[in-house]
Amino acid sequence: QVQLVESGGGLVQAGGSLRLSCAASGSIFSIDAMGWYRQAPGKQRELVAAITSGGTTNYADSVKGRFTISRDNAKNTVYLQMNSLKHEDTAVYYCNAKRVRTPTRINAEYWGQGTQVTVSS
């Protein structure tokens with residue numbers, strides 16, 4: 001069983017910074033892509049940033065230049081450094097792992113439980 005455990009959310013003032021972490025645990029052979037999605041009240045879940053095992057990154061236009069995604073492949077951990085936070089960044093942030101290879105699956109996808117990020121204006 002693969003689990004994604006997020007940490008680092010919380011309350012911050014506009015203009016501040018937060019760093020999210022997500023560690024994948026379990027019987028994992030490899031993870032192709034890891035990323036962060038967010039969902040604000042009344043809105044659909046959206047991609048924030050993603051990174052492949054080779055280091056290729058992808059960002060939502062709304063966070064480019066403010067957020068940085070990074071990854072430690074040896075630890076199956078992904079990070080999201082969020083700077084210059086805005087009120088509209090307030091949401092539940094979910095960690096995601098795609099194309100995960102385990103002893104019993106070759107193309108699995110997993111989600112974390114979510115962590116709340118609240119930016120006060």
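Being a predicted model, the structure only gives us computed values, none of them experimental.

1. With respect to the nonpolar core
Working step 1: Judged by nonpolar contacts, the single largest core of 33 residues is most densely connected at Trp36, Leu80, Met82 and Tyr93.
Working step 2: Those elements giving two or more residues to this core turn out to be strand S3 (18-25), strand S4 (30-39), strand S5 (46-52), strand S7 (67-72), strand S8 (77-82), strand S9 (91-101), strand S10 (108-111) and strand S11 (115-120).
Working step 3: Counting residues per element, this core draws most heavily on S9, at five residues.
Working step 4: In this structure Met82 touches Gly16, Ser17, Leu18, Leu20, Arg66, Phe67, Tyr93 and Val117, once residues within four positions along its chain are discounted.

2. Examining the environment of Val100
Working step 1: Within the secondary structure, Val100 sits in strand S9.
Working step 2: Considering only alpha carbons, one finds Val100 and Glu46, 54 residues apart in sequence, at a separation of 20 Å.
Working step 3: In this structure, Val100 is in contact with Ile28, Ser30, Ile31, Arg105, Ile106, Asn107, Ala108 and Tyr110, ignoring residues within four places of it in sequence.

3. Describing the packing of aromatic side chains
Any pair of aromatic rings gets described here by the distance separating the centres and the angle formed by the planes.
Working step 1: All chains considered together, the criterion is met by one aromatic pair.
Working step 2: With centroids separated by 5.0 Å and ring planes inclined at 65°, the aromatic side chains of Tyr37 and Trp111 adopt a geometry described as edge-to-face. With Tyr37 in strand S4 and Trp111 in strand S10, this pair connects stretches of sequence that are 74 residues apart.
Working step 3: Given a relative accessible area of 16%, Tyr37 falls into the buried group.

4. What to know about the side chain of Arg71
Working step 1: Structurally, Arg71 can be placed in strand S7.
Working step 2: Buried charged residue Arg71 carries no salt bridge. Nearest counter-charge: Asp32, at 5.8 Å.
Working step 3: What Arg71 contacts, discounting residues up to four positions off in sequence, is Ile31, Asp32, Ala33, Met34, Ile51, Thr52, Ser53, Thr77, Val78 and Tyr79.

What counts as what
Residues numbered from 1 in each chain as written. Predicted model: local features only at pLDDT ≥ 70, side-chain atom pairs only at ≥ 80, totals over all residues. Heavy atoms only, no water. Core = buried A, V, L, I, M, F, W, Y, C linked by side-chain atoms within 4.5 Å. Buried < 20%, exposed > 50% of the residue type's maximum accessible area, 1.4 Å probe, protein only. Helix = DSSP H or I, 4+ residues; strand = E, 2+ residues; numbered from the N terminus. Contact = heavy atoms within 4.5 Å. Phe/Tyr/Trp six-rings, centres within 6.5 Å; stacked < 30°, edge-to-face > 60°. Lys, Arg positive; Asp, Glu negative; His and termini not counted. Salt bridge = Lys/Arg side-chain N within 4 Å of Asp/Glu carboxyl O.

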